[in-house]
Amino acid sequence: MRHPLLSAIVLALGLVLLGAHAAPVGAAPATDPADLGPPRGTPIEEAMLAPPAVPPPIHRDYPARVIVRLETREVVKEIADGVRYDFWTFNGSVPGPMIRVRQGDTVELHLKNAADSHMAHNIDLHAVMGPGGGAALSMTPPGHESVFTFKAMREGLYIYHCATPPVPMHIANGMYGLILVEPPQGLPKADREYYVVQGDFYTTGAYHVPGLQTFDMQKLLLEQPTYVLFNGREGSLTGANALTAKVGDTVRLFVGDGGPNLVSSFHVIGQIFDSVNVEGGTLINHNVQTTLIPAGGAVTVEMKTLVPGTFLLVDHSITRAFMQGALGQLVVSGPAAPAIYNKVSSGPIPTAANRSRRLPRRLQPRRSMTPWPTARAYSRRSAPPAIRATAWACRARSRRWRCRITSTPIRRVPSASCSTGSAARSPSTTPATSR
């Protein structure tokens, strides 16, 4: 796939396939109630931020012309510690930068293909209402640039991806991202916003085999990924890279599934989503534990952080989370809320074998995590003079006080017997026969 002639053939094939349904020239323009008129004001350069960062909210009350600049790059980066992979990307990251516009905006999209690329690339944005979602207008060979415009007609959260044949291969190598079309009135305020996209990756080597790994077409066809990841790398959202919030924050996550094959069962362990924009649209569900995200789809979830701690982001097809990499962290800091979440106690469960050995509550050591006191828990003088319902015996050897567990019940152990070695040899220390 790296030969220049083959790249040209793929480019021509893509243009034929994607341009087959282009609108006829000279057709009367259609009107739509969602068309909020022509752009006004000075064109706006969209901020291109690496994930999980999100562009700032939009506070305009009018449609504008928004300029978006993307570049397709083929880069070798780590997919896991010690494991490298040849990613195909938008702007060098997986996913590509999140695009944020307002309903009614006119988007002027510039797509460059780096000169050292080995493939032609393009872009299909699911927010575009036109043939190929823009793919027919943006097929770009290495060292070239394509520019096209579209109007954001429908609010929602949408996937974009490369649609150059073979499409699954381009997506599987990391060529996807999200575009948010805000409603005219904007979104409610959130304290934190983050951007997460899940993808499945198919490497020739097995999971965690070190070194440079290449793409495995057979695994792709069998839908048997080696890695299932958030934001293109194992550990991209854990440890020093974890998402952060404070107690009481409203956290909004823009979550997508680039695929190319797997559906995501997105869940945050220890949280309930207060609201979920189902499939990225305007239908909102409340109090959701796990939400499905189809391949090529997205959702917006919001949740309130009520207690501190570390909350895990997972694909609840749980093998993918703990054995293939689809794992992230949301670290919440702040004061504890014991009325909401609190540990009461912890310890071994009583059994018939040890129930008879338990000390009365008044004799148990304080602040101990185990109900079984040891000899060191008592000083020589504080040793109880009599323990009736237990099987404790006391000995004095070389003026050292020791206790051991025996199966012989005792009636009374005078305190003097634990004072000196001579007292220990007193007849009063002889165990009595059982009653």
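Because the structure is predicted, anything quoted here is derived from the model rather than measured.

Describe the overall build of the protein chain, naming the residues involved and giving the relevant values.
If you tally the helices and strands in the protein chain, you get seven helices and 23 strands. Relative to its 435 residues, the protein chain shows a buried fraction of 46%. With an accessible surface of roughly 22200 Å², the protein chain has 57% of that area assigned to carbon and sulfur atoms.

So what's going on with the side chain of Asp-124? Which residues, and what values?
Tracing the sequence through the fold places Asp-124 in strand β6 (residues 124-125). The buried charged residue Asp-124 lacks any salt bridge, with Arg-154 as its nearest oppositely charged partner at 15 Å. Those residues in contact with Asp-124 that sit more than four places away from it in its chain are Gly-132, Gly-133, Ala-135, Ile-159, Tyr-160, His-161 and Ala-163.

Can you lay out the environment of His-170 for me, pointing to particular residues and giving the numbers?
Of note, His-170 is situated in helix α3 (residues 167-172). The class of His-170 is buried, set by a relative accessible area of 0%. In sequence terms His-170 and Trp-88 are 82 residues apart; their C-alpha atoms lie 6.9 Å from each other. What His-170 contacts, discounting residues up to four positions off in sequence, is Trp-88, Met-119, Ala-120, His-121, Cys-162, Thr-164, Pro-165 and Met-175.

An account of the nonpolar core is needed here, citing residue identities and associated values.
Among the nonpolar cores identified, the biggest contains 50 residues, and Ile-79, Ile-123, Leu-125, Leu-178 and Phe-201 are the most heavily contacted of them. In contact with Ile-79, not counting residues within four places along its chain, are Arg-84, Tyr-85, Phe-87, Phe-201, Tyr-227, Leu-229, Gly-232, Arg-233 and Glu-234. Membership of the second largest hydrophobic core comes to 27 residues, among which are Leu-237, Leu-262, Val-276 and Ala-326.

Please provide a residue-by-residue account of unusual backbone geometry, values included.
With an omega of -5 degrees, the peptide bond running from Val-94 to Pro-95 counts as cis. Relative to the helices and strands, Pro-95 resides in the loop between β3 (83-90) and β4 (99-102). For the bond from Pro-165 to Pro-166, the omega torsion is -10 degrees, close enough to zero to count as cis. Inspection of the secondary structure assignment puts Pro-166 in the loop between β8 (156-161) and α3. Phi at Asn-287 is positive, roughly 55 degrees, even though this residue is not glycine. Residue position: Asn-287 is located in strand β17 (residues 284-288).

Tell me about the sheet that holds strand β20 (residues 309-315), residues and numbers included.
Reading across from one edge, β13-β21-β20-β15-β18 is the order of the five strands in this open sheet, with mixed pairing throughout. On the outer flanks of this sheet lie β13 (243-246) and β18 (290-293), each paired with one strand and no other. This sheet shows a mean twist of 20 degrees between the axes of neighbouring strands, independent of strand direction. For strand β15 (residues 264-269) and β18, the ladder comprises four bridges, and the chain directions are antiparallel. Paired with Ser-265 across the two strands is Leu-292, which belongs to β18.

I'd like to hear about the pattern of salt bridges, residue by residue, with values.
Pairs may arise between side chains of opposite charge once their charged atoms sit close together. According to the stated counting rule, one finds 14 salt bridges in the structure shown. The salt bridge involving Arg-69 is made with Glu-45; its shortest N-O contact spans 2.9 Å. In this pair, Arg-69 is assigned in strand β2 (residues 65-80) and Glu-45 in strand β1 (residues 44-45), connecting sequence segments 24 residues apart. Look at Glu-45 and you get partly exposed, because its relative accessible area is 46%.

Let's hear about the confidence of the model for the protein chain: which residues, and what values?
Taken residue by residue, the protein chain gives an average pLDDT of 84. The fraction at 70 or more is 74%. A low-confidence stretch, residues 368-381 stays under pLDDT 50, and its non-local contacts, those more than four residues away or across chains, total 22 contacts. In this model, residues 410-435 is a region of pLDDT below 50 whose contacts with residues beyond four sequence positions or in other chains number 36 contacts.

Quick one: what's the story with the sheet that holds strand β12 (residues 227-230), residue by residue and with numbers?
Spatially, six strands are ordered β12-β10-β14-β19-β16-β17 in an open sheet, and the strand pairing comes out mixed. Strands with a single pairing partner mark the edges of an open sheet, and in this sheet they are β12 and β17. With direction set aside, neighbouring strand axes in the sheet form an average angle of 20 degrees.

Now, about the packing of aromatic side chains: what can you tell me, with residues and values included?
Each aromatic ring pair is characterised by the separation of its centres together with the angle its planes make. Counting across every chain of the model gives eight aromatic pairs. Here Tyr-85 and Phe-87 contribute two aromatic rings whose centre-to-centre distance is 5.1 Å and whose plane-to-plane angle is 75 degrees, an arrangement assigned as edge-to-face. Residues Tyr-85 and Phe-87 agree in their burial class; the two are buried. Relative to Phe-201, the ring of Tyr-85 lies with its centre 6.4 Å away and its plane at 80 degrees, an arrangement referred to as edge-to-face. In this pair, Tyr-85 is assigned in strand β3 and Phe-201 in strand β10 (residues 192-201), connecting sequence segments 116 residues apart. Among the residues examined, Tyr-85 registers a relative accessible area of 1% and is labelled buried. A network of ring pairs unites the aromatic residues Tyr-85, Phe-87 and Phe-201 as a single cluster.

Can you tell me about a nonpolar patch on the surface, naming the residues and giving the values?
The grouping of Ile-269, Ile-318, Phe-322 and Met-323 at the surface amounts to a nonpolar patch, some 370 Å² of accessible area in total. With respect to the element layout, Ile-318 can be found in the loop between β20 and α5 (319-323).

Can you break down the pairing of β10 residue by residue, with the values?
When you tally the buried positions in β10, you get nine out of ten residues, the bulk of the element. Summarising the sheet, β10 and strand β14 (residues 250-259) pair through eight bridges and their orientation is parallel. Each residue of the ladder has a partner; that of Arg-192, found in β14, is Val-251.

Pulling in residues and values, what's your account of the side chain of His-267?
With respect to the helices and strands, His-267 occurs in strand β15. The class for His-267 is buried, based on a relative accessible area of 11%. Within the structure, His-267 has its side chain in polar contact with the side chain of Thr-290 (distance 3.2 Å). Excluding its chain neighbours within four sequence positions, the residues that come into contact with His-267 are Phe-273, Gln-289, Thr-290, Leu-312, Leu-313, Val-314 and His-316.

Conventions used here
- Residues numbered from 1 in each chain as written.
- Predicted model: local features only at pLDDT ≥ 70, side-chain atom pairs only at ≥ 80, totals over all residues.
- Heavy atoms only, no water.
- Helix = DSSP H or I, 4+ residues; strand = E, 2+ residues; numbered from the N terminus.
- Buried < 20%, exposed > 50% of the residue type's maximum accessible area, 1.4 Å probe, protein only.
- Areas by Shrake-Rupley, 256 points an atom, 1.4 Å probe, with all protein chains shown as cover.
- Lys, Arg positive; Asp, Glu negative; His and termini not counted.
- Salt bridge = Lys/Arg side-chain N within 4 Å of Asp/Glu carboxyl O.
- Contact = heavy atoms within 4.5 Å.
- Core = buried A, V, L, I, M, F, W, Y, C linked by side-chain atoms within 4.5 Å.
- Pairing = 2+ DSSP bridges.
- Axes fitted to C-alpha atoms, helices over the stretch in contact; angles between N-to-C directions.
- pLDDT = per-residue confidence, 0-100.
- Phe/Tyr/Trp six-rings, centres within 6.5 Å; stacked < 30°, edge-to-face > 60°.
- Patch = residues over 30% accessible without salt bridge, like charges linked within 9 Å, V, L, I, M, F, W, Y side chains within 5 Å.
- Polar contact = N/O pair within 3.5 Å; in protein donor to acceptor, adjacent residues only side chain to side chain.

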